[in-house]
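# Examination of the molecular architecture
Now for the letters of each chain:
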Amino acid sequence: MGVSAEMADAHSSQQRGGGERLDVAASVLALLADRTRLALMERLGRGEADVTTLTEATGAARTSVSQHLAKLRLAGLVVARKDGRRVVYSLRHGHLRRLVGEALNVADHQIGSLPPHD
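Residues numbered from 1 in each chain as written. Predicted model: local features only at pLDDT ≥ 70, side-chain atom pairs only at ≥ 80, totals over all residues. Heavy atoms only, no water.

The chain has the name Metalloregulator ArsR/SmtB family transcription factor in an unreviewed UniProt entry, where Streptomyces orinoci is given as its organism.

When two helices pack together, their arrangement is given by the angle between the helix axes and the distance between those axes. At their nearest, the axes of helix α3 (residues 35-44) and helix α4 (residues 51-58) sit 10 Å apart, and the two run at 120° to each other. Considering how the two elements wind past one another, α3 and α4 form a crossing that is right-handed. Residues T36, A39, L40, R43 and L44 of α3 touch α4, and the partners they reach there are T53, L54, A57 and T58. Along the lines of polarity and charge, the residues of the contact of α3 with α4 split into five nonpolar, three polar and one charged. (Axes fitted to C-alpha atoms, helices over the stretch in contact; angles between N-to-C directions. Helix = DSSP H or I, 4+ residues; strand = E, 2+ residues; numbered from the N terminus. Left-handed = near helix turned anticlockwise from the far one by under 90°. Contact = heavy atoms within 4.5 Å. Nonpolar A, V, L, I, M, F, W, Y, C, P; charged D, E, K, R; others polar.)

This part takes up the sheet that holds strand β1 (residues 49-50). Within the open sheet, the three strands sit side by side as β1-β3-β2. Their pairing is antiparallel. Of all the strands in the sheet, just β1 and β2 (78-83) have a single pairing partner and so form its edges. (Pairing = 2+ DSSP bridges.)

This part covers helix α6 (residues 94-112). Over its 19 residues, α6 extends 27 Å from the first C-alpha to the last, a length consistent with the 27 Å expected when each residue adds 1.5 Å. At the C-terminal side of α6, S113 shows a positive phi close to 50°. (Expected span 1.5 Å × (residues − 1).)

Looking now at the side chain of T36. Here T36 shows up in helix α3. Once residues within four sequence positions are removed from consideration, T36 is found in contact with T58, A60, S64 and H68.

Shown next, in the form of structure tokens:
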């Protein structure tokens with residue numbers, strides 16, 4: 001299947017599943033509506049990290065970080081892999097990095113009273 005056929009197929013599936021897409025998007029945004037999870041996602045957007053690194057980056061308790069990572073992993077937003085005795089986490093895909101980045105850009109605009117732009 002060619003690229004244009006794949007795009008057309010993806011576009012038609014997006015149109016058919018509009019309600020499901022909105023439900024899933026709302027679930028993703030709800031998960032990101034927690035400050036600690038958002039901080040975890042922002043840090044993971046810069047590269048993979050273990051729980052110790054993520055605990056230092058967020059300032060949250062280690063048990064809290066582990067619980068939030070479990071929620072993000074169960075939701076399919078974060079993946080984990082073993083590296084010796086450590087578990088290393090990363091974002092599942094770049095869309096999440098860009099989503100978090102855009103949310104933080106909106107915050108920058110609101111905090112700094114920056115003018116809107118596209």
